[in-house]
Amino acid sequence: MGKTIRVLIGKPGLDGHDRGAKVVANALRDAGMEVIYTGLHQTPEMIAEAAVQEDVDVVGLSILSGAHMTMFPRILELLREKGAGHIKVFGGGIIPAEDAERLEAAGVARLFGPGTDTRDIVDFIRKNFAQSA
Amino acid sequence: MKRDPDIALLLDEFSRGRVAAAARLITIVENGGDRAEAVMDGVFPMTRGAYRIGFTGPPGAGKSTLVFRMSRILRGEGKRIGVIAVDPTSPFSGGALLGDRIRMQSLSEDPEIFVRSLASRGSLGGISSCTDEVADLLDAFGKDLVLIETVGVGQSELEIAEKAHTVVVILVPESGDGVQAMKAGLMEIGDVFVMNKADHRDAVGAARELEETLRLKDVPEEGWRPPVVLASATRETGIDEVRERIEEHRRHLEERGLLAEKRRRVLYSRVRGAFMDRVERRVWEHESVRSVIERGMEDVYGGRLSPYRLVRELERLVAGGLQM
């Protein structure tokens, strides 16, 4: 049996807008991936622990609250601490270009802005996964 | 079988309690094949007989929420908990949306609770085909109890009955006549019934109706008669009573030697199932078998040979001994 790509989609922090996260989760499911959706109001600890227990290949975070400069680095750090530094993290939301640059330099695999075609996200994960497998 | 260095390393970390190693081993087991078997060879001797509780019922009955509440109660008793939450795989895309964690969020903060979501991956019995193996892994990882949540079931997804020591069936008053329709299957596998959403105006009536139906069940003297508990998983009422009934059922099984018997029966059927899969594959792909099939099928297609005559020829071939 071939390896199925497992993805965790989470929403860290306090904003309650999960439409984007759900659209992405559905698109990845339809692309044949197993998507663990953790719902709203997650702490970085909850997301990192869930990602480790579920042994996902990729974590996708949706952040619309402006807390991206805290959330992304913290989750990357926690994943490394838990021995899961190989898990790739990508994100989506309202993230200014200069912040996106800094986050990508800090280890976030990719940030997708508003208006992204879900097929681009599917392709991105497939390509990245092929590299890490 | 040669020892995979990667797996040996993971097993070593696993035995030292590393969560990431346990999670990776579960993935290997899920993906099947020789590596999965190598993992199980290492893990099985480490199992300590964790008690397995199944939670099943129709979609939306409140299974995830009840599992979440139950996990918290059990943690309060100092128990270490493994949770296996199964959701369906789409037969069209092969993908799956695993959403049980939404209702178990704060469990992620407790390191003594390990929650793993599994996709059913084509298995039709309401659970994943590797549920036994993942439960073994959690058992070997030091969990005292393994809670298994099935997909939302209808009338025929009853495999949980063969995997769990106690089966909790969760129903809701809204099911109404739907409950009637489900009686055949679900009513036979439940050891404890929960009428969830107890705040619903029809809940008491529905629970009474359920009790009456269960009373008609033919239970031997001193046998277990499944109780019905009114509960509300979201409002947190009745959960303690569900816990007590599960414990009573466990004692019932233990005192009569039925638990040991059940464990033996499960292991026996696992060996049988795994052996049959393997034999089937090897025989079906065997050169001599292939050539008899290919030749014979032409006659079957042409209507000259009965399919069963061909089968008997194959059986004689196998009985005569295949060079494996």
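How each quantity is defined
- Residues numbered from 1 in each chain as written.
- Chains lettered and ligands numbered in written order.
- Predicted model: local features only at pLDDT ≥ 70, side-chain atom pairs only at ≥ 80, totals over all residues.
- Contact = placed C-beta atoms within 7 Å.
- Helix = DSSP H or I, 4+ residues; strand = E, 2+ residues; numbered from the N terminus.
- Nonpolar A, V, L, I, M, F, W, Y, C, P; charged D, E, K, R; others polar.
- Axes fitted to C-alpha atoms, helices over the stretch in contact; angles between N-to-C directions.
- Parallel < 35°, antiparallel > 145°, perpendicular 65-115°, else oblique.
- Left-handed = near helix turned anticlockwise from the far one by under 90°.
- Core = buried A, V, L, I, M, F, W, Y, C linked by C-beta atoms within 7 Å.
- Buried ≥ 20, exposed ≤ 12 C-beta atoms within 10 Å, placed from the backbone.
- Domains from an automatic or database assignment.
- Pairing = 2+ DSSP bridges.

Listed per partner, the contact involves 27 residues of chain A and 28 residues of chain B. It is helix α2 (residues 44–53) of chain A that contributes the most residues to the side of chain A that touches chain B, six residues altogether. Classifying every residue of the side of chain A that touches chain B gives twelve nonpolar, six polar and nine charged.

Residues and elements named next belong to chain A. Look at α2 against helix α3 (residues 68–81): their axes get within 9 Å of each other, and the N-to-C directions meet at 40°. Overall, the two elements α2 and α3 adopt an arrangement that is oblique. Note on packing geometry: the crossing formed by α2 with α3 is right-handed. For the pair formed by α2 and α3, the contact residues are Pro44, Glu45, Ile47, Ala48 and Ala51 on the first element and Met71, Arg74, Ile75, Leu78 and Leu79 on the second.

This part is about the nonpolar core. Where a protein is soluble and globular, its nonpolar side chains tend to be buried together. Counting 121 residues, the largest nonpolar core has Val35(A) and Ala51(A) as the members making the most contacts within it. Here this core takes eight residues from helix α2 (residues 19–31) of chain B, the largest share from any one element. When near neighbours in sequence (up to four residues on either side) are disregarded, Val35(A) contacts Val7(A), Ile9(A), Ala25(A), Leu28(A), Arg29(A), Gly95(B), Ala96(B), Leu97(B) and Leu98(B).

Right, let's get into the domain arrangement of chain B. Residues and elements named next belong to chain B. If you check the domain split of chain B, you get domain 1 (1–46), domain 2 (47–254) and domain 3 (269–319). Computed from C-alpha coordinates alone, the two centres of domain 1 and domain 2 are separated by 27 Å. On the side of domain 2, eleven residues touch domain 1, which itself brings eleven residues to the contact. When residues of the side of domain 1 that touches domain 2 are traced back to their parent elements, those giving at least two are α2 and α3 (33–43). With six residues, α2 is the single largest residue contributor to the side of domain 1 that touches domain 2. For the side of domain 1 that touches domain 2, the residue count by class is ten nonpolar, no polar and one charged.

Time to look at the sheet that holds strand β1 (residues 51–56) of chain B. All names here are of chain B. Pairing is parallel across the open sheet formed by seven strands, whose spatial order is β4-β2-β5-β1-β6-β7-β8. In this open sheet, the two edge strands, each paired with only one partner strand, are β4 (113–119) and β8 (228–230). For this sheet, the mean inter-axis angle between neighbouring strands, taken without regard to orientation, is 20°. One ladder, built from three bridges, connects strand β7 (residues 192–195) with β8; its direction is parallel.

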